[in-house]
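# Breakdown of the fold
Each chain, letter by letter, is given below.
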Amino acid sequence: MRIDHIRQRLRAHGAKPCHEQLALRAWTQALPLDSGRRRPEHFLPAHVRSALPAIAAELKAIARLRSEHRGEDGSARLLLELADGQTVESVLLPREGLCVSTQAGCAVGCVFCMTGRDGLRRHLGSAEIVAQVALARARRPVRKVVFMGMGEPAHNLDNVLEAIDLLGTEGAIGHKSLVFSSVGDRRVFDRLPLATVKPALALSLHSTRAELRAKLMPRAPRIDPAELVELAERYARATSYPIQYQWTLLEGVNDGDEELDRIAGLLRGKYAVMNFIPWNAVAGLPFKRPAWERAVALARGLLQRGILAKLRNSAGQDIDGGCGQLRTRTAAPAT
């Protein structure tokens, strides 16, 4: 379902743009319509008020919580069921963040990711993306939304940008706190600068070597890492938001000193931050999570070279925190 479907439902009952705005604001912020000083009967036409219970039920049915798994770090992984029975995951993060999915499955096929192993099932509609935020906000405050869950947002651009536009307006989320994550796609650099709500951009780099990056992300667009950084830098300067480069640390694969030197060369002088993220272990995959001391040394090495670097301890390690793991575990037959 797309956001436009909700607007059409409201208009069919006589809602004007100002009434649509109020209804969408209440939905995206998980607030009752009478949360302000004025009651609905004072500003909503009778036909709209009479239709609201059915519309509210329809919105609630877009995504329902199938299970919740809380982590010791304050995160909570939510397994959500969509109206057609497909399941997706979103994660409530510490410090009022939320990670949402943009597709059921993913077509990029990152070799270290559970979602990539399952392939793409379908795109999520813009309303299905926003519904994850509404559901999460009914549980706890959400002031930052990262589009880093299941799926590649660049493959579902229209729906993702519609969701971002609504969240950045009626959803009252700061534009810099809406983070569009991508493996890198030229369409992203064409479309994002034209959007009314311009999100921050996170790019999955994982290697400075084109050949290794192609092996790690076999169906990602073939853009040389140096060119990718230059394209991203233009967006960073246009929006005044630093690019967040994502680097999943895989022991013996991309955590060597040579990669560190090349990262420093690529990002020197750029408006950027490198996020090192030790791999979230997935059973059956031939990778290892590097020692924490090694991860610390890598982040410190970049800082010493004048590159802003952060070490992210992957949320939800004790609750199958990697994208796709919870869905796969839940769907697996009992033995």
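Look a little higher up for the structure.
Residues numbered from 1 in each chain as written. Predicted model: local features only at pLDDT ≥ 70, side-chain atom pairs only at ≥ 80, totals over all residues. Heavy atoms only, no water.

## A look at the nonpolar core
Within the largest apolar cluster, 80 residues are counted, with the highest numbers of intra-cluster contacts made by W27, F147, L201, Y245, M274, F276 and L302. Of the residues forming this core, the biggest block, eight residues, is contributed by helix α5 (residues 126-137). The next biggest cluster of nonpolar side chains, apart from the first, holds 15 residues, and it includes L212, M217, L250 and L285. (Core = buried A, V, L, I, M, F, W, Y, C linked by side-chain atoms within 4.5 Å. Buried < 20%, exposed > 50% of the residue type's maximum accessible area, 1.4 Å probe, protein only. Helix = DSSP H or I, 4+ residues; strand = E, 2+ residues; numbered from the N terminus.)

## Regarding the pairing of strand β11 (residues 272-278)
Judged by how many residues are buried, β11 sits mostly within the fold: seven of seven residues are covered. Of the two faces of β11, the one holding A272, M274, F276 and P278 and the one holding V273, N275 and I277 are both buried throughout. The sheet contact formed by strand β10 (residues 243-249) and β11 spans seven bridges and is parallel. The partner of L249 across the bridge, within β11, is P278. Crossover handedness for the path β10 to helix α10 (residues 257-267) to β11: right-handed. Pairing geometry for β11 and strand β12 (residues 309-311), over three bridges, is parallel. By the bridge assignment, F276 is partnered in β12 with L311. Chirality of the crossover, the property in question, places the unit of β11, helix α11 (residues 292-304) and β12 among those that are right-handed. (Pairing = 2+ DSSP bridges. Right-handed = clockwise from strand over helix to strand, strands pointing away.)

## Focus: the pattern of salt bridges
Opposite charge on two side chains allows them to pair when their charged atoms are near. What the rule picks out here adds up to 22 salt bridges. Ionic pairing is found between E81 and R66, a salt bridge with its closest N-O pair at 3.0 Å. Of this pair, E81 sits in strand β2 (residues 76-82) while R66 sits in strand β1 (residues 63-70), and the two are 15 residues apart along the sequence. Given a relative accessible area of 16%, E81 falls into the buried group. The exposure class assigned to R66 is partly exposed, which follows from its relative accessible area of 41%. Of the charged contacts, one joins R305 and D261 as a salt bridge, the two residues approaching to 2.8 Å between their closest N and O atoms. Pair noted here: R305 is in the loop between α11 and β12 and D261 is in helix α10, with a separation of 44 residues, a long-range link. Accessibility expressed as a relative area gives 43% for D261, which makes it partly exposed. In the salt-bridge network here, residues are joined through shared partners; they are R7, R11 and E20. (Salt bridge = Lys/Arg side-chain N within 4 Å of Asp/Glu carboxyl O.)

## Some words on the environment of C110
Here C110 shows up in the loop between β5 (103-105) and α4 (114-118). Linking C110 and M217, residues 107 residues apart in sequence, is a C-alpha distance of 4.3 Å. Apart from the residues lying within four places of it in its own chain, the contact partners of C110 are G116, L216, M217 and P218. (Contact = heavy atoms within 4.5 Å.)

## Some details on the packing of α10 against α11
Angle between the axes and distance between the axes: these two values describe a pair of packed helices. Remark: α10 packs on α11, axes separated minimally by 10 Å, with the N-to-C direction vectors making an angle of 30°. In terms of orientation, α10 and α11 fall into the roughly parallel class. In this structure, α10 meets α11 at a crossing whose hand is right-handed. Residues D257, L260, I263 and A264 of α10 pack against R294, L298, G301 and L302 of α11. (Axes fitted to C-alpha atoms, helices over the stretch in contact; angles between N-to-C directions. Parallel < 35°, antiparallel > 145°, perpendicular 65-115°, else oblique. Left-handed = near helix turned anticlockwise from the far one by under 90°.)

## Describing the packing of aromatic side chains
The relative placement of two aromatic rings is captured by the distance of their centres and the angle of their planes. Considering all chains together, one arrives at two aromatic pairs under this definition. When the centroid spacing of 6.3 Å and the interplanar angle of 85° are considered together, the rings of W247 and F276 count as edge-to-face. Within this pair, whereas W247 is found in strand β10, its partner F276 is found in strand β11, the two being separated by 29 residues in sequence. Judged by relative accessible area, which is 0%, W247 ranks as buried. Ring centres of W279 and F287 lie 5.8 Å apart, and the angle between their planes is 70°; on these two criteria the pair is classed as edge-to-face. For the pair W279 and F287, one class covers both residues: buried. (Phe/Tyr/Trp six-rings, centres within 6.5 Å; stacked < 30°, edge-to-face > 60°.)

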